[in-house]
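# Structural characterization, general
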Amino acid sequence: MLFGAVETGGTKIIAAVLDENRELLDSIRFSTGTPDEAVQMLADFFTEKKVCAIGIGSFGPVDINQDSENYGMVLDTPKKGWRNYPFLSELKKRIEVPMLIDTDVNCACLGEITYGAAKNLKNVIYITIGTGVGVGVCIEGETLKGMLHPEAGHILLRKHPDDEFKGICPYHSDCFEGLASGPAIAARTNTPAELISADSKIWDIEADYIAQGITNYILTYSPCKIILGGGVMEQPHLFPLIRSKVSSYMNGYINTKQMNSLDDYIVPAGLLGKQGIIGAYCLARKAFYMEEAD
Ligand code: ADP
Ligand code: ZN
């Protein structure tokens, strides 16, 4: 049996076919373009591969409430042609297999609790620091949905005293994403984040914002593990800095086994960049076995 997994991003879309044992058999990637083109490419690819179900991790905002009549619709995005596009139902018109959709970061979190760094844990958060800042949340083994879905990359933080940068979020200027995303680092320094040396003081500011975000998530979601991914987290020296700042922000307030071993609590993704697509695979399996049970 073969399962289809899709990750849609602002610039590119990845589609993969995996078997029962999570073996990757084939994949394609193409630039995001118009939604009609994307849906056709996906339908052609998956029809040819004869997948039995499809899981999708989508950029947001997207309707992920399975009871909604707009389930799988891309919502208020600036991305041309995609606003209010009924992505899931358009794909269903072209290929009739069970499908589930969730946010890209919820999928990454699901992938990590199923096969990755948080295997066998049920309450976990996944934070990506990349082109944006996004947070996926699993509660009791299920991704968190609610009114829309978490948008925890846009929480408001205290400004670092040495940071004069005003932030780049078009909605909030200096929210977490506005201050700490890859493009925010580049705008603050006029240098792409990947070219900034490890001893630059910019990383202290960056780690401070990430640690503030994590402190807020620990206090609100009580996660059993915190996983960090995304391009900016390719800087390994950020991890010890972040852990030490989380410890000072928390100031002993929560005294659990996890808080006393932050090296095991705040960790990089276990699925090495594949967490999104593996999470989408988990959704495809879920879609298939749900349908079987009906
Ligand atoms: P996306 O968020 O679009 O899925 P990424 O997670 O790769 O993609 O994030 C891209 C951002 O991460 C860019 O702003 C880029 O400058 C930054 N980035 C990529 N690699 C590194 C690196 N090694 N160190 C620091 N920043 C990086
Ligand atoms: Zn914002």
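Presented here is an overview of the structure given in this document. (Residues numbered from 1 in each chain as written. Chains lettered and ligands numbered in written order. Predicted model: local features only at pLDDT ≥ 70, side-chain atom pairs only at ≥ 80, totals over all residues. Heavy atoms only, no water.)

### A closer look at the overall build of the protein chain
Heads up, the condition is: Helix and strand definitions follow DSSP, with helices as H or I runs of at least four residues and strands as E runs of at least two, each counted in order from the N terminus. Only the C-alpha atoms count toward the radius of gyration. The rule for a globule is 2.2 Å times the residue count to the power 0.38. Buried residues are those whose accessible area, probed at 1.4 Å on protein chains only, stays under 20% of the maximum for their type, while exposed residues exceed 50% and partly exposed ones sit between those limits. Contact between two residues is taken to exist if any of their heavy atoms lie within 4.5 Å; hydrogens are not considered. For accessible areas, the Shrake-Rupley method is used with a probe of radius 1.4 Å. Any residue's cover is judged against the shown protein chains and nothing else. When charges are counted, neither His nor the chain ends are considered; positive counts come from Lys and Arg and negative counts from Asp and Glu. Where a charge lies is defined by one atom per residue type, namely NZ (Lys), CZ (Arg), CG (Asp) and CD (Glu).
The number of helices and strands found in the protein chain is nine helices and ten strands. A compact globule built from 294 residues should have a C-alpha radius of gyration of about 19 Å, and the protein chain, at 19 Å, falls within 12% of that. Its C-alpha atoms give the protein chain principal-axis dimensions of roughly 55 × 40 × 35 Å. The proportion of buried residues among the 294 residues of the protein chain is 52%. Sequence-distant contacts, at least 24 apart, represent 63% of the contacts inside the protein chain between residues at least 6 apart. Counting every atom, the protein chain has about 13,900 Å² of accessible surface; 50% of that belongs to carbon and sulfur. Averaging the locations of the 26 positively and 37 negatively charged side chains of the protein chain gives two centres separated by 2 Å.

### Some thoughts on the packing of aromatic side chains
Selection criterion: Aromatic pairs are defined between Phe, Tyr and Trp rings, using the six-membered ring for Trp, whenever the two ring centres lie within 6.5 Å; interplanar angles under 30 degrees are classed as stacked, those over 60 as edge-to-face, and all others as tilted. Criterion for a charge above a ring: Lys NZ or Arg CZ within 6 Å of the ring centre, and within 35 degrees of the ring normal.
According to the stated counting rule, one finds nine aromatic pairs in the structure shown. Seen in terms of ring centroids, Phe-59 and Trp-82 are 5.4 Å apart; in terms of plane orientation they differ by 65 degrees. Their pairing is edge-to-face. Of the two residues, Phe-59 is situated in the loop between strand 4 (53-58) and helix 2 (87-94) and Trp-82 in the loop between strand 4 and helix 2; the sequence distance between them amounts to 23 residues. An aromatic cluster is defined as three or more aromatic residues linked by ring pairs; in this entry it consists of Phe-3, Tyr-115, Tyr-281, Phe-288 and Tyr-289. Across the ring face of Tyr-115, the terminal group of Arg-22 is positioned such that the distance to the ring centre comes to 4.0 Å.

### Notes on the pairing of strand 9 (residues 225-229)
For clarity, the threshold we go by: For two strands to be treated as a pair, DSSP must find no fewer than two bridges joining them.
With five of five residues buried, strand 9 lies mostly within the body of the structure. Alternating residues of strand 9 divide into Lys-225, Ile-227 and Gly-229 and Ile-226 and Leu-228, and every residue in both groups is buried. Of the pairings in the sheet, the one linking strand 6 (residues 124-129) to strand 9 comprises five bridges and is parallel in character. Each residue of the ladder has a partner; that of Tyr-126, found in strand 9, is Ile-227. Across three bridges, strand 9 lies against strand 10 (residues 266-268) in parallel orientation. From the neighbouring strand, Ile-227 faces strand 10, where its bridge partner is Val-267.

### Some words on the packing of helix 5 (residues 182-189) against helix 6 (residues 202-221)
Formally: Each axis is a line fitted through C-alpha atoms, and for a helix only the stretch in contact is used; angles between axes span 0 to 180 degrees, taken between their N-to-C directions. Each helix crossing is assigned a hand: it is left-handed if the near helix lies turned anticlockwise from the far helix by less than a right angle, otherwise right-handed if that turn is clockwise. As a working rule, the residues Ala, Val, Leu, Ile, Met, Phe, Trp, Tyr, Cys and Pro are called nonpolar, Asp, Glu, Lys and Arg charged, and the rest polar, with Gly in that last group.
At a closest axis distance of 12 Å, the pairing of helix 5 and helix 6 adopts a crossing angle of 145 degrees. Where helix 5 crosses over helix 6, the two elements pack in a sense that is right-handed. Where helix 5 approaches helix 6, its residues Ile-185, Arg-188 and Thr-189 are matched on the opposing element by Ile-202, Trp-203, Ile-205, Glu-206 and Tyr-209. In the contact of helix 5 with helix 6, the residues fall into five nonpolar, one polar and two charged.

### Describing the environment of Thr-128
On the secondary structure map, Thr-128 appears in strand 6. Each C-alpha atom, one on Thr-128 and one on Ala-108, is 9.2 Å from the other, the two residues being 20 residues apart in sequence. In this view, Thr-128 contacts Val-105, Val-133, Gly-134, Gly-229 and Gly-230; residues no more than four positions away in its chain are not counted.

### Description of the coordination of the zinc ion (ligand 2)
Six octahedrally arranged donors around a metal ideally form angles of 90 or 180 degrees; four tetrahedrally arranged donors ideally form angles of 109.5 degrees. The condition that has to hold: Metal donors: N, O and S atoms at distances within 2.8 Å, or within 3.2 Å for Na, K and Ca, with water omitted from the atom set so that some sites may seem incomplete. Only two sets of limits are used to name each site, 85 to 135 degrees for every angle of a tetrahedral four-donor site, and over 155 degrees for opposite donors with all other angles from 65 to 115 for a square planar four-donor or octahedral six-donor site, with any other site named irregular.
Protein-derived ligands of the zinc ion (ligand 2) are His-154 (ND1), Cys-169 (SG), His-172 (ND1) and Cys-175 (SG), with the metal-ligand distances lying across 2.1 to 2.3 Å. For the zinc ion (ligand 2), the four donor atoms in the first shell make angles of 103 to 117 degrees at the metal, so the coordination geometry reads as tetrahedral. Expressed as a motif, the donor residue spacing for the zinc ion (ligand 2) is H-x14-C-x2-H-x2-C. Cys-169 gets classed as buried once you look at its relative accessible area, which sits at 5%.

### Quick look at the pattern of salt bridges
How we decide: For salt bridges, the criterion is a side-chain nitrogen of Lys or Arg within 4 Å of an Asp or Glu carboxyl oxygen.
The tally for this structure, following the rule as stated, stands at nine salt bridges. As a salt-bridge pair, Glu-90 and Lys-93 come within 2.8 Å of each other at their nearest N and O atoms. With a gap of three residues between them, Glu-90 and Lys-93 both fall in helix 2, about one helical turn apart. Judged by relative accessible area, which is 63%, Lys-93 ranks as exposed. In this structure, Arg-188 and Asp-163 form a salt bridge, with 2.9 Å as the shortest nitrogen-oxygen distance. Taken as a pair, Arg-188 in helix 5 and Asp-163 in the loop between strand 8 (142-143) and helix 4 (176-180) lie far apart in primary sequence, 25 residues in all. Overall, the relative accessible area of 7% leaves Asp-163 in the buried class.

### A short note on the site of ligand 1
Just so we agree on the cut-off: Any residue with a heavy atom positioned within 4 Å of a molecule or strand is treated as near that molecule or strand. We define a polar contact as two N or O atoms separated by no more than 3.5 Å, with the added condition that, inside protein, one atom must be a possible hydrogen donor and the other a possible acceptor, whereas residues neighbouring each other in sequence contribute only through side-chain atom pairs.
As a structural note, the neighbourhood of ligand 1 is formed by Gly-130, Thr-131, Gly-182, Pro-183, Ala-193, Glu-194, Gly-230, Gly-231, Val-232, Glu-234 and Gln-235. In this structure, Gly-231 approaches ligand 1 through a main-chain N or O atom, which is 2.9 Å from an oxygen atom. Alone, ligand 1 offers 570 Å² of accessible surface; in the complex the protein occludes 62% of this. Across the shell around ligand 1, the residue classes tally to three nonpolar, six polar and two charged.

Such coordinate-based values are descriptive only and should not be taken to indicate function.
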